[in-house]
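Observations on the model geometry
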Amino acid sequence: MTRTVPPGTPDGRDLPGRGPGRWDLPGPDLDGRGPGGGPAEALRRLVGDAPEVGLDLVAVERVRRAIDRHGDRWLADMFTGPELEQLRLVRGDLPERAAGRVAAKEAVVKALRPNDLVAWHDIEVLRLPHGAPVVRLSGRAGRHAEHCGVRSVAVSITHQDGWAAAIAVAGSADPDSIEEYPHG
């Protein structure tokens, strides 16, 4: 992969261990696939050349209190019918799973950076049969994404020790041309 920086711009090559041309040498990428064949190229294929990133962290206990206090009304305000169906079908702690989806929705909002408020139902976070989350945009969120040239949003969700976190990457890649990056 060749990096281009304007003349006079620090690019890290003056740091110890980063000699001239190190980044331009042919050879294996991090995963041994050769230049441009590793995780960075997979991300570029997934989201395009100018991705926007959003990150969010949610306390599971806060979601648990909201569900205890407001019950199905809070869940219906936050999630679409298909989202609720998936949340209830999966074994485990409902507040933990819901916190992950809330974090994902917040991360998507941060990646999209809309000028106006979007409804929670405009951002739908579902799981594919093999478990990977997928995002569907509609309403204001969908219109804003289209206006900004966002054609795909990738999201990852994790839970640990009472916290749920999510990262969303929005970009211009055509979702129909995305090849799944093999893991492991």
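Note that this is a predicted model, so its numbers are computed, not measured.

Some words on the overall build of the protein
Looking only at helices and strands, one finds 5 helices and 5 strands in the protein. Of the regular secondary structure in the protein, the N- to C-terminal order runs α-β-α-α-α-β-β-α-β-β. Considering only contacts in the protein between residues 6 or more positions apart, those separated by 24 or more positions represent 56%. Of the roughly 11500 Å² of accessible surface on the protein, a fraction of 54% belongs to carbon and sulfur atoms.

Re the sheet that holds strand β5 (residues 163–171)
The 3 strands lie next to each other as β1-β5-β4, forming an open sheet whose pairing is antiparallel. The two strands at the open ends of the sheet, each matched to only one other strand, are β1 (52–59) and β4 (152–160). Across this sheet, the average inter-strand angle for adjacent strands is 15°, counted without regard to direction. Bridge count for β1 against β5 is 8 bridges, and the pairing is antiparallel. When the sheet's bridge partners are listed, A59 is paired in β5 with W163. The strands touched by helix α2 (residues 60–78) within the sheet are β1 and β5, with β1 carrying the most contacts at an inclination of about 65°.

What about the pairing of strand β3 (residues 133–137)?
Examined bridge by bridge, strand β2 (residues 123–127) and β3 share 5 bridges and lie antiparallel to one another. The residue of β3 that forms the bridge with I123 is L137. Between β2 and β3, which follow one another and run antiparallel, lie 5 residues, and G131 among them has a positive phi close to 105°.

Side note on the packing of α2 against helix α4 (residues 94–112)
The geometry of α2 relative to α4 is characterised by a closest axis approach of 10 Å and an angle of 80° between their N-to-C directions. As far as their axial angle goes, α4 and α2 are roughly perpendicular. Between α2 and α4, the contacting residues are V60, V63, R64, I67, W74, L75 and M78 on the first element and L94, P95, E96, A98, A99, V102 and K105 on the second. Per-class residue counts for the contact of α2 with α4 are 11 nonpolar, no polar and 3 charged.

Quick word on helix α5 (residues 139–148)
Three or four residues apart is the spacing at which side chains of an α-helix point the same way, because the helix has 3.6 residues per turn. Within α5 the residues assigned to the buried category are A141, G142, H144 and A145. Projected down its long axis, α5 shows its buried positions confined to an angular sector of 165°, all on one face. Those residues of α5 that are exposed and angled more than 90 degrees off the buried face are R143, E146 and H147. The elements touched by buried residues of α5 are α4, β2 and β3. Where α5 ends, the next residue or the one after it, G149, has phi of about 80°, a positive value.

So, the packing of aromatic side chains
Aromatic rings in a pair are described by how distant their centres are and how their planes are angled relative to each other. This model, assessed by the stated rule, comprises 1 aromatic pair. Measuring from centroid to centroid gives 6.2 Å for W74 and F79, while their planes differ by 80°, and the two rings are edge-to-face. Taking relative accessible area as the criterion, W74 reaches 17% and is therefore assigned buried. Assessed through its relative accessible area of 1%, F79 is described here as buried.

Things to note about the nonpolar core
Ranked by size, the top nonpolar core spans 33 residues in total, and within it V63, W74, F79, V108, L112, V153 and A168 carry the most contacts. Of all elements in the fold, only α2, α3 (81–89), α4, β2, α5, β4 and β5 reach the threshold of two or more residues within this core. Counting residues per element, this core draws most heavily on α4, at 9 residues. The residues contacting V108, other than those within four sequence positions of it, are I123, V135, L137, V153 and A168.

Definitions and limits used
- Residues numbered from 1 in each chain as written.
- Predicted model: local features only at pLDDT ≥ 70, side-chain atom pairs only at ≥ 80, totals over all residues.
- Heavy atoms only, no water.
- Helix = DSSP H or I, 4+ residues; strand = E, 2+ residues; numbered from the N terminus.
- Contact = heavy atoms within 4.5 Å.
- Areas by Shrake-Rupley, 256 points an atom, 1.4 Å probe, with all protein chains shown as cover.
- Pairing = 2+ DSSP bridges.
- Axes fitted to C-alpha atoms, helices over the stretch in contact; angles between N-to-C directions.
- Parallel < 35°, antiparallel > 145°, perpendicular 65-115°, else oblique.
- Nonpolar A, V, L, I, M, F, W, Y, C, P; charged D, E, K, R; others polar.
- Buried < 20%, exposed > 50% of the residue type's maximum accessible area, 1.4 Å probe, protein only.
- Arc of directions from axis to C-beta.
- Phe/Tyr/Trp six-rings, centres within 6.5 Å; stacked < 30°, edge-to-face > 60°.
- Core = buried A, V, L, I, M, F, W, Y, C linked by side-chain atoms within 4.5 Å.

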